[in-house]
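Analysis of the macromolecular model
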Amino acid sequence: MVRHLPPLPALRAFEAAARHLSFARAGGELGVTPGAVSHQMKQLEKWVGGPLFERRANGVCLTETGRVFSTRLRAIFDQLTAVSVAARVPGGLSAVTVRCQFSLATKWLTPRIRRFREAHPDISVAIMALPHRWSANEPDPDLAIYHGRGTIPGVRQDTLVNGSLIVVGTPALTATLPPAPTPADLLSRPLLKMDFTEPGWHDEGWEAWFAATGFGHLELRSTLSFNLVHLAIDACLAGAGFALVPDFLVETELDAGRLVDAFGISLPIRQPYVIMTPEASLARSEVAVLRSWLLDEGLTTTRTR
């Protein structure tokens with residue numbers, strides 16, 4: 001049976017262009033010019049029978065056809081990579097090392113990694129919850145997940161997950177609020193505070209949340225503070241007070257009803273989590289598989305909130 005396949009180089013170029021939403025960045029990844037990528041897109045669009053991108057003055061964006069095609073094609077590329085990994089000589093793969101911020105590793109990454117292992121049993125993963133900055137004596141991880149801090153030479157950065165800060169409390173503690181609570185009702189309640197000491201972290205904090213709800217500057221008194229978000233979440237679950245935390249770190253607790261969004265008022269997080277991948281690690285197929293899987297998980301997290 002003859003397979004009527006689209007031009008394969010164009011598929012690879014499309015996958016890169018759809019991921020970057022840029023012909024220039026796609027060309028840089030593939031080692032070709034933006035004009036070559038554009039030419040390949042025209043070939044593929046002719047084969048598909050319709051536009052995959054909308055060309056705009058400041059770049060390109062996917063059409064609905066392009067979006068669906070991109071999602072399906074990424075899954076196929078992941079399968080191709082996984083098949084190639086599995087075809088290697090047993091024992092020929094090394095573990096993919098992931099260095100991650102403590103709370104994200106605890107509340108977001110660890111609960112998900114089982115699904116990756118079920119889908120890719122031949123790929124070993126080593127997760128290390130460690131501070132962002134590491135010394136020159138430490139080996140670079142294959143993937144690092146932290147807040148973005150600007151461009152790093154030789155390291156590719158992709159947004160993993162973003163979200164909002166929400167006020168959560170146990171059902172019992174939330175029940176102590178008036179029937180139609182306002183932010184002012186929190187001023188007399190125990191508030192769990194975040195006190196980050198690691199350089200590069202930025203905490204919007206309770207003062208910013210109250211300011212967003214219409215209050216002026218407040219000097220809030222707090223008798224309980226934490227340097228890690230997941231510690232504040234655990235204290236909140238124990239009924240110690242209300243916590244202001246990223247919504248994607250309390251998905252499980254909200255779904256199970258162990259915590260509730262007390263006000264429905266969110267404060268956008270200014271610094272999303274990004275996946276940082278050294279160029280040398282990008283060349284390893286097992287790293288590419290895990291990275292792509294994590295980006296899909298991040299996208300799913302964003303869409304389901």
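We now turn to the structure provided with this report. All chains use their own residue numbering, which begins from 1 and follows the written sequence. Given that the model is predicted, a residue must reach a pLDDT of at least 70 before its local features are reported, and side-chain atom pairs must reach 80 or more before they are shown or counted; all residues, however, enter totals for whole chains, interfaces and linings. Each side-chain value is derived from all of the structure's non-hydrogen atoms; neither hydrogens nor water enter the calculation.

Quick word on helix α3 (residues 34-48)
For the α-helix, the turn length of 3.6 residues means that residues three or four positions removed from each other point alike. Put simply, the rule reads: Elements are defined by DSSP. Helices are runs of H or I of four residues or more, strands are runs of E of two residues or more, and each kind is numbered from the N terminus. In a helix, the anticipated span is given by 1.5 Å times the number of residues less one. Type-normalised accessible area, obtained with a 1.4 Å probe on protein chains alone, sets the label of each residue: buried when under 20%, exposed when over 50%, and partly exposed for intermediate values. This arc is built from the directions going out from the helix axis to the C-beta atoms.
Over its 15 residues, α3 runs 21 Å from end to end, which matches the ideal 21 Å to within 8%, given 1.5 Å per residue. Of the positions making up α3, those classed as buried are Val37, Ser38, Gln40, Met41, Leu44 and Glu45. Down the axis of α3, the buried set is contained in an arc of 165 degrees. They therefore lie on one face. Residues of α3 that are exposed and angled more than 90 degrees away from the buried face: Lys42 and Lys46. Just downstream of α3 lies glycine 49, where phi reads positive at about 95 degrees.

Some points on the side chain of serine 22
To keep it simple, the criterion reads: We define a polar contact as two N or O atoms separated by no more than 3.5 Å, with the added condition that, inside protein, one atom must be a possible hydrogen donor and the other a possible acceptor, whereas residues neighbouring each other in sequence contribute only through side-chain atom pairs.
Within the element layout of this structure, serine 22 appears in the loop between α1 (8-20) and α2 (23-30). Judged by its relative accessible area of 12%, serine 22 is buried. Of note is the side chain of serine 22, whose polar atom sits 3.3 Å from the backbone nitrogen of alanine 24.

Quick notes on the pattern of salt bridges
Our working definition: We define a salt bridge as a side-chain nitrogen of Lys or Arg found within 4 Å of a carboxyl oxygen belonging to Asp or Glu.
Enumeration over the complete set of coordinates arrives at 15 salt bridges. With a closest N to O distance of 2.8 Å, arginine 114 and glutamate 118 form a salt bridge. Note that arginine 114 and glutamate 118 are positioned in helix α5 (residues 102-119) at a spacing of four residues, about one turn of the helix. For arginine 114, a relative accessible area of 47% puts it in the partly exposed group. The exposure class assigned to glutamate 118 is exposed, which follows from its relative accessible area of 54%. Linking glutamate 253 and arginine 258 is a salt bridge whose minimum nitrogen-to-oxygen distance equals 4.0 Å. On the basis of relative accessibility, which here comes to 3%, the residue glutamate 253 falls in the buried class.

Observations concerning the sheet that holds strand β6 (residues 155-161)
Here is the rule we go by: Think of it this way: DSSP has to see at least two bridges between two strands before they count as a pair. Helix axes are fitted to C-alpha atoms over the stretch in contact, other axes to C-alpha atoms as well, and angles between N-to-C directions run from 0 to 180 degrees.
Here five strands make up an open sheet; going across it, the order is β4-β3-β5-β13-β6 and the pairing mixed. Strand pairing shows two members of the sheet lacking a second neighbour, β4 (125-129) and β6, which therefore form its edges. Sheet twist, expressed as the mean angle between neighbouring strand axes with direction ignored, is 25 degrees. Where strand β3 (residues 96-100) meets β4, five bridges bridge the pair, whose relative direction is parallel. By the bridge assignment for β4, valine 96 is matched with valine 125.

Description of the packing of aromatic side chains
How we decide: Stacked, edge-to-face and tilted are the three classes for Phe, Tyr and Trp ring pairs, Trp counted by its six-membered ring, which pair at centre distances within 6.5 Å; planes under 30 degrees apart are stacked, over 60 edge-to-face, the rest tilted.
Scanning the model with the defined rule gives nine aromatic pairs in all. When the ring of tryptophan 206 is compared with that of phenylalanine 210, the centres are 6.1 Å apart and the planes differ by 40 degrees; the resulting orientation is tilted. Taken as a pair, tryptophan 206 and phenylalanine 210 lie in helix α7 (residues 205-212) at a separation of four residues, close to a single helical turn. For the pair formed by tryptophan 206 and phenylalanine 210, the shared burial category is buried. Taken together, the ring pairs connect Phe14, Phe23, Phe53 and Phe69 into an aromatic cluster.

Honestly, it's all geometry; don't read function into it.
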